[in-house]
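The lines below spell out each chain.
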Amino acid sequence: EGPGRVLTRRGSQGGTPVARLTQIAPHLAVEDVDTSLAFYRDGLGFTVTSSRGEYGETFRAMLQRDGVTVLLRRTDLGDKGARLARHTWGDVVLYVYCTNAQAEWADLKDRGIEVGDIDRTEDGMDEFVVRDPDGYVLVFGSDVPAAAR
């Protein structure tokens, strides 16, 4: 499956090309888009690529960092109180793979973001948890080099 190679469906006679997934971009329902936008932009280092609003209030924004996209949208349907009350991972977890969880942890801490402790998992990952202003859980994780396990 190298670059330029076209995948085809198994058993197809004509070699029908198969679409590849290239990214998943969560759309997060938030109470106040401007507050969440500031958290992701100023706290987590994302860049705002587009936003829409009216009457001085943003109701939708798209942010990106290192090929990762997050969309924020204002809604009254989400249960922010339930998300904030959870002490464990909830029904929506954004797992952010990074190259160095310890360096990312230090960078976010320097930016004033409340970060959880770094945990080393049994399967060789360093992970830590951050909660956004609406209670969504972001888990940042990176592979631990085999020599350090």
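Reading guide: rules and limits
Residues numbered from 1 in each chain as written. Predicted model: local features only at pLDDT ≥ 70, side-chain atom pairs only at ≥ 80, totals over all residues. Heavy atoms only, no water. Helix = DSSP H or I, 4+ residues; strand = E, 2+ residues; numbered from the N terminus. Buried < 20%, exposed > 50% of the residue type's maximum accessible area, 1.4 Å probe, protein only. Contact = heavy atoms within 4.5 Å. Areas by Shrake-Rupley, 256 points an atom, 1.4 Å probe, with all protein chains shown as cover. Pairing = 2+ DSSP bridges. Axes fitted to C-alpha atoms, helices over the stretch in contact; angles between N-to-C directions. Arc of directions from axis to C-beta. Polar contact = N/O pair within 3.5 Å; in protein donor to acceptor, adjacent residues only side chain to side chain.

(A) Geometry of the overall build of the protein chain. Across its full length, the protein chain carries three helices and eight strands. In sequence order, the protein chain lays out its α and β elements as β-α-β-β-β-α-β-α-β-β-β. Split into buried and exposed, the 149 residues of the protein chain put 30% on the buried side. Restricting the contact set of the protein chain to residue pairs at least 6 apart, pairs at least 24 apart contribute 50%. Accessible surface, the protein chain: about 9,900 Å² in total, of which carbon and sulfur atoms supply 48%.

(B) Fine view of the pairing of strand β3 (residues 57–65). By the bridge criterion, seven bridges tie strand β2 (residues 47–54) to β3 in an arrangement that is antiparallel. For valine 48, the partnering residue across the bridge sits in β3 and is leucine 63. Turn length for the β2-β3 hairpin, with the two strands adjacent in sequence and antiparallel, is two residues, and the turn residue tyrosine 55 shows positive phi of about 55°. Across six bridges, the pairing between β3 and strand β4 (residues 68–74) is antiparallel. The residue of β4 that forms the bridge with leucine 63 is valine 70. In this antiparallel pair of consecutive strands, β3 and β4, the connection spans two residues, and aspartate 66 shows a positive phi of 50°.

(C) Up close: the sheet that holds strand β8 (residues 137–143). Taken in spatial order, the four strands make up an open sheet running β5-β8-β7-β6, and their pairing is mixed. With partners counted over all chains shown, the strands left at the sheet margins are β5 (93–97) and β6 (119–120), one partner each. The pairing of β5 with β8 spans five bridges and is classified as parallel. Bridging across to β8, tyrosine 97 finds its partner in glycine 141. Lying over the sheet, helix α3 (residues 101–110) contacts β6, β7 (125–131) and β8, oriented at roughly 25° with respect to β7.

(D) Broad picture of unusual backbone geometry. The phi dihedral of aspartate 66 is positive, around 50°, even though this residue is not glycine. Structurally, aspartate 66 can be placed in the loop between β3 and β4.

(E) Summary view of the sheet that holds β4. The four strands are arranged β1-β4-β3-β2 in an open sheet whose pairing can be described as mixed. A single partner strand is all that each edge strand has here, and the edge strands are β1 (27–30) and β2. With strand direction ignored, the average angle separating the axes of adjacent strands in the sheet is 20°.

(F) Here's a closer look at α3. Taken as a whole, α3 has its buried residues at Ala101, Glu104 and Leu108. The buried residues of α3 occupy one face: seen down the axis, they fall within an arc of 60°. On its buried face, α3 sits against α1 (33–43), β3, β7 and β8. Of the residues flanking the start of α3, the one acting as N-cap is asparagine 100, its side-chain oxygen 3.1 Å from the backbone nitrogen of glutamine 102.

(G) The arrangement of the environment of glutamate 104 in detail. Mapped onto the secondary structure, glutamate 104 falls in helix α3. On a C-alpha basis, the gap between glutamate 104 and phenylalanine 140 in space is 8.0 Å, while along the polypeptide they are 36 residues apart. Among all residues touching glutamate 104, those that are not within four sequence positions of it are Arg65, Cys98, Phe128 and Phe140.

The analysis is restricted to geometry; functional conclusions fall outside its scope.
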